[in-house]
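Summary of structural features
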Amino acid sequence: MTPRVACLAFALLLATACGRPAPTWHGDVRPVVEGRCAGCHAAGGVAPFPLQDAAAVRAHAEAIVASVEARRMPPWQASEADVTYRENPSLTEAQVALFRQWMEAGMPEGDPTRPGAPLAPVSAGLGRVDLELALPTAYATRRAPDDYRCFPVDWPQSAPTYVTGFDALPGNPAIVHHLAVYLVPPDSAHLPAQWDAEEEGPGYTCYGGPSGGRDSTVPTLLLSAWIPGFAGSTLPDGLGILVPPGSRLVLQVHYNAAQPGAEDLTRVRFQLADAVQTRAVYAPWLKLDWVAGSMPIPAGTSGVLHQVVDDPRDFFKLFAPDFDFPNGFNVHSAMFHMHNLGRHGEALILKPGGERVRLLDIPRWDFHGQREYRFTAPAAFAPGDKVALRCTFDNPGATDVNWGEGTADEMCVVNLLVTPR
Ligand code: HEC
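Residues numbered from 1 in each chain as written. Predicted model: local features only at pLDDT ≥ 70, side-chain atom pairs only at ≥ 80, totals over all residues. Heavy atoms only, no water.

**A closer look at the site of the ligand**
Around the ligand sit 17 residues in total, of which C37, C40, H41, R72 and M73 are the nearest. One nitrogen or oxygen atom from the side chain of H41 is found 2.7 Å from a nitrogen atom belonging to the ligand. Broken down by element, the residue count for the shell around the ligand peaks at 4 residues, all from helix α5 (residues 61-69). For the shell around the ligand, the per-class residue count stands at 13 nonpolar, 2 polar and 2 charged. (Near = heavy atom within 4 Å. Polar contact = N/O pair within 3.5 Å; in protein donor to acceptor, adjacent residues only side chain to side chain. Helix = DSSP H or I, 4+ residues; strand = E, 2+ residues; numbered from the N terminus. Nonpolar A, V, L, I, M, F, W, Y, C, P; charged D, E, K, R; others polar.)

Here it is, written out as structure tokens:
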């Protein structure tokens, strides 16, 4: 069938598609691939194959159509909520449809002299870089395929400083799967250095947090997080996270490489301020009892729900003692954390009248896709409200599982970026 005949045949079904000329690589598909795929699907990037030219996209066309229609790609786990997210790379319906239309039209090249307009970037990046820190020396992975490694890094500022923006530059983008930066306050800053010294090579093994399941622990206080394809970004205007002098940072890197011995030297970049309008903190919300071992997920069970529904303000104070929230707080972002048995996670604000504000709902949890979900406008927590955190787990294995920082343990945490109201 010629395209024209096909168009007539489908005219009733696809009236709009026939009204316009078939999409082309240069005119339509390329801007979407460059703007939403190529950040990860680059040569030497984290994704399994590059998508940098028409030939590569043609070669993977069927898989691409399937992955965008199923909304597996670009990765984004959150479903619709009562907040809207910024830096959301998800394709529009029209962009999803484009790939199938292009494939069915025979994947024409189009006119390279008339390229389509580039898409707006998902994140704006840092306006300026005030501080760059790196791993002390290159690290060669010691485990495969997954190696979870924590690297303590000294915080060099001698006065109280606020972090207002963050970006990471993976040394070896093919193996850096995601990265979190934890803030270790001065009074426990000696511990990560000690753990580093106890293990061979730079850094130490860690998985669920910066303490790596050791008996002595440092508070799990998030400073920033990064995933591949992310150009870095700043906190909402006027906000900053205080880093006291004498703190230490712990860079937690999840490496994924087929063989051990893959080298990396990752750098992280910060935008800083001496003073900010509003001090923000990443406050973790969870149930203290869980940490003491009361989060059982028995062997051979599925749909095991653990939840906490409470006013989190006293708990937040454990992480930010001088923080006061008498009038409640604003939530600017949410980041979930479970391990490999997690299936469904959600975080909501419950109002006394029964109203619910869904902050984050992850219907099909995937450990490898964890990221921070930032809101375009903050959600308000007023005195009298509660925050509900719910985690559902499946444990098909033969071993009982409980709370812990190891790969075989589980966790249920939501980190909320909060400011006082
Ligand atoms: C944040 C990084 C990232 C971005 C952005 C991204 N991918 Fe991927 N992609 C991956 C990774 C990692 C894998 C392999 C692991 C997996 O399947 O999750 C993958 C796998 C795939 C696969 C094979 C597996 C499957 O799900 O079918 C296809 C096809 C694909 N990507 C297409 C795309 C397209 C098209 C886009 C843009 C619209 C895109 N990706 C954007 C990281 C990314």
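The discussion continues.
**Overview of the coordination of the iron atom of the ligand**
Within the protein, the atoms that donate to the iron atom of the ligand are H41 (NE2) and M73 (SD), at distances of 2.0 to 2.3 Å. Metal-centred angles of 84 to 179 degrees between the 6 donor atoms at the iron atom of the ligand mark the site as octahedral. Placement of H41 in the loop between α3 (25-36) and α4 (54-59) and of M73 in the loop between α5 and β1 (85-86) is noted, with a sequence separation of 32 residues between them. The partly exposed category is assigned to M73, whose relative accessible area is 35%. (Donors = N, O, S within 2.8 Å, 3.2 Å for Na, K, Ca; no water. Tetrahedral: all angles 85-135°; square planar, octahedral: opposite > 155°, others 65-115°. Buried < 20%, exposed > 50% of the residue type's maximum accessible area, 1.4 Å probe, protein only.)

**Looking at the pattern of salt bridges**
Applying the stated criterion across every chain yields a total of 23 salt bridges. Here E132 ties to R269 by a salt bridge, and the two come within 2.8 Å at their closest N and O atoms. With E132 in strand β2 (residues 131-134) and R269 in strand β13 (residues 267-273), this pair connects stretches of sequence that are 137 residues apart. Classification of E132 by relative accessible area gives partly exposed; the value is 34%. With a shortest N-O distance of 3.2 Å, E372 and R374 are connected by a salt bridge. What makes R374 buried here is its relative accessible area of 8%. Linked by salt bridges that have partners in common, R86, E87, E372 and R374 make up one network. (Salt bridge = Lys/Arg side-chain N within 4 Å of Asp/Glu carboxyl O.)

**Some words on the nonpolar core**
Among the nonpolar cores identified, the biggest contains 100 residues, and F270 and F336 are the most heavily contacted of them. A per-element tally of this core places strand β6 (residues 176-184) first, with 7 residues. Core analysis: the second largest hydrophobic core is formed by 18 residues, V33, V57, V65 and M107 among them. (Core = buried A, V, L, I, M, F, W, Y, C linked by side-chain atoms within 4.5 Å.)

**Side note on the sheet that holds strand β20 (residues 386-395)**
Read from one edge of the open sheet, 4 strands run β15-β20-β17-β18, paired in antiparallel fashion. Edge positions in the open sheet fall to β15 (301-310) and β18 (356-362), since each of these has one partner strand only. Strand-to-strand twist of the sheet, defined as the mean angle between neighbouring strand axes without regard to direction, takes the value 15 degrees. As paired elements, strand β17 (residues 342-350) and β20 share 8 bridges and run antiparallel to each other. The partner of A347 across the bridge, within β20, is L389. (Pairing = 2+ DSSP bridges. Axes fitted to C-alpha atoms, helices over the stretch in contact; angles between N-to-C directions.)

**A short note on the domain arrangement of the chain**
According to the domain assignment, the chain contains domain 1 (3-104), domain 2 (131-276) and domain 3 (281-420). Look at where the C-alpha atoms of domain 1 and domain 3 centre, and you get two points 33 Å apart. Contacts between domain 1 and domain 3 engage 14 residues on the former and 19 residues on the latter. Together, the buried faces of domain 1 and domain 3 total about 1400 Å²; carbon and sulfur atoms form 48% of this surface. Two residues, R374 and E87, come together in a salt bridge whose shortest N-O distance is 3.8 Å. Where domain 1 touches domain 3, the interface holds 7 residue pairs in polar contact (both at pLDDT 80 or more). Here the residues of the side of domain 1 that touches domain 3 are counted per class, giving 7 nonpolar, 3 polar and 4 charged. (Domains from an automatic or database assignment. Contact = heavy atoms within 4.5 Å. Buried area = accessible area lost by both parts, 1.4 Å probe.)

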